[in-house]
Amino acid sequence: MSSPSKRREMDMMKLMMSDYKVETINDGMQEFFVEFNGPKDSLYEGGVWKIRVELPDAYPYKSPSVGFITKIYHPNVDELSGSVCLDVINQTWSPMFDLVNVFETFLPQLLLYPNPSDPLNGEAAALMMRDRPTYELRVKEYCEKYAKPGEGSEDKSSDEELSDEEYGSDDNEDDDDVAIAGNPDP
């Protein structure tokens, strides 16, 4: 078997060749960010999240640490830290898995099939079980507010809130007195 450092390099190359945007931290291969798109046919479709990945020295024999930097509303993701509660990463990891599995299978499955009975975000889990339509609306609001593609979604991290001005409001779209950038006020 190849050394853990060679495997780390191979897995990162496979991830980048699978069209994932990967940004290393401190020019190393142990910590990096990956741009992750919400899975099709899910409440998260159309959203883009910045995911932090940390590979332990013993990778691939020990699982990677994966967490959302961009804020997300999900029963199995801690809203403040972005930590992910996912058995396959946290408990049943095998060296047969690689980083592409994390981003093409494990995280999409987590978003498609949340498990409210094993929550990291108790409020999201309770809302999902108690009032599914309101839960789904909240998920979509978070996607719109924090995970918009191409609008600096990576900067809307889980430790900051957006002001109404940054978020924008659809309430005033039809008003004639809305200022438009580049046009002088009358």
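Every chain is numbered independently, its residues counted from 1 as its sequence is written. Side-chain atom pairs in this predicted model are given and counted only at pLDDT of 80 or more, local residue features only at pLDDT of at least 70, and totals for whole chains, interfaces and linings cover all residues. Here the side-chain values reflect all heavy atoms present in the structure, with hydrogen atoms and water set aside.

### Things to note about the pairing of strand β2 (residues 31–37)
Across three bridges, the pairing between strand β1 (residues 22–24) and β2 is antiparallel. Bridging from a neighbouring strand, V22 pairs with V34 of β2. Strand pairing is assigned whenever DSSP detects at least two bridges linking the two strands. In this description a helix means any DSSP run of H or I spanning at least four residues, a strand means any run of E spanning at least two, and both kinds are numbered starting from the N terminus. Counting the residues that bridge the hairpin from β1 to β2 gives six residues, and of these N26 lies at a positive phi of roughly 60°. Looking at chain direction, β2 and strand β3 (residues 48–54) are connected through seven bridges and run antiparallel. Paired with F36 across the strands is W49, a residue of β3.

### Some details on the pattern of salt bridges
Every case where a carboxyl oxygen of Asp or Glu lies within 4 Å of a side-chain nitrogen of Lys or Arg is listed as a salt bridge. Following the criterion strictly, the structure yields seven salt bridges and no others. In this structure, E31 and R52 form a salt bridge, with 1.9 Å as the shortest nitrogen-oxygen distance. With E31 in strand β2 and R52 in strand β3, this residue pair connects regions lying 21 residues apart in the sequence. Think of it in three bands: residues with accessible area under 20% of the maximum for their type are buried, residues over 50% are exposed, and the middle band is partly exposed, with areas taken using a 1.4 Å probe on protein chains only. Note on E31: relative accessible area 23%, which makes it partly exposed.

### So, the packing of helix α4 (residues 122–130) against helix α5 (residues 132–146)
All axes here are fitted lines through C-alpha atoms, helices being fitted over the stretch that makes contact, and every angle between N-to-C directions spans 0 to 180 degrees. Where α4 meets α5, the closest approach of the two axes is 6 Å, and the angle between their N-to-C directions is 135°. Taken together, the axis directions place α4 and α5 in an arrangement best described as oblique. Facing α4, whose interface residues are E123, A124, L127, M128 and R130, α5 presents R132, T134, Y135 and R138. Nonpolar residues are Ala, Val, Leu, Ile, Met, Phe, Trp, Tyr, Cys and Pro. Charged residues are Asp, Glu, Lys and Arg, and all others, Gly as well, are polar. The class makeup of the residues in the contact of α4 with α5 is four nonpolar, one polar and four charged. Note on terminology: angles under 35 degrees are roughly parallel, angles over 145 are roughly antiparallel, angles of 65 to 115 are roughly perpendicular, and the others are oblique. Only heavy atoms matter for contacts: two residues are in contact if any of them lie within 4.5 Å across the pair.

### Things to note about the UniProt feature "active site" (unreviewed entry) in the chain
Summarizing the sequence annotation, UniProt attributes the feature "active site" (unreviewed entry) to C85 in the numbering used throughout. Tracing the chain through its elements places C85 in the loop between β4 (65–68) and α2 (87–90). UniProt positions are given in the numbering used here, feature names are shortened, and annotations may be inferred rather than shown by experiment.

### Here's the deal with α4
Think of an α-helix as 3.6 residues a turn; residues three or four steps apart then line up on the same face. Burial in α4 covers these residues: A124, A125, L127 and M128. One side of α4 carries all its buried residues, which in axial view fall inside an arc of 165°. Turned more than 90 degrees from where α4 packs its buried face, M129 and R130 sit exposed. On its buried face, α4 is in contact with α5. In the analysis that follows, any N or O atom pair within 3.5 Å is treated as a polar contact, provided that within protein one partner can donate a hydrogen and the other can accept it, and provided that, for residues neighboring in sequence, both atoms belong to side chains. The opening residue of α4, the one whose side-chain oxygen lies 3.2 Å from the backbone nitrogen of E123, is N121. Note that the arc is computed from the directions linking the helix axis to the C-beta atoms.

### Side note on helix α3 (residues 99–112)
To estimate how far a helix should extend, the number of its residues minus one is multiplied by 1.5 Å. End to end, α3 covers 19 Å across 14 residues, agreeing with the expected 20 Å (1.5 Å per residue, within 8%). To get the bend at a residue, fit one axis to the 7 residues ending there and another to the 7 starting there, then take the angle between the axes. Remark: the principal bend of α3, roughly 25°, maps to F106, with a proline, P108, within the next four residues. For α3, every residue scored as buried is listed here: L99, V100, V102, F103, F106, L107, P108, L110 and L111. Buried residues belonging to α3 abut α1 (4–17), β2, β3, β4 and α2.

### Brief notes about the environment of K148
Checked against the element boundaries, K148 lands in the loop between α5 and α6 (164–167). Polar side-chain contacts of K148 include one of 3.1 Å to the side chain of E144.

### Here we look at unusual backbone geometry
Of note, the amide linkage connecting Y59 to P60 takes the cis form, showing an omega dihedral of 15°. Here P60 shows up in the loop between β3 and β4. A positive phi angle, near 60°, is found at D41, a position not held by glycine. With respect to the helices and strands, D41 occurs in the loop between β2 and β3.

### Description of the environment of L110
Tracing the backbone through its elements, the reader meets L110 in helix α3. Taking the relative accessible area as the measure of exposure, L110 reaches 5% and is therefore buried. Spatially, the C-alpha atom of L110 lies 9.3 Å from that of V77, the residues being 33 residues apart in sequence. Beyond its immediate sequence surroundings of up to four residues, L110 is in contact with H74, N76, V77, V84, C85 and L86.

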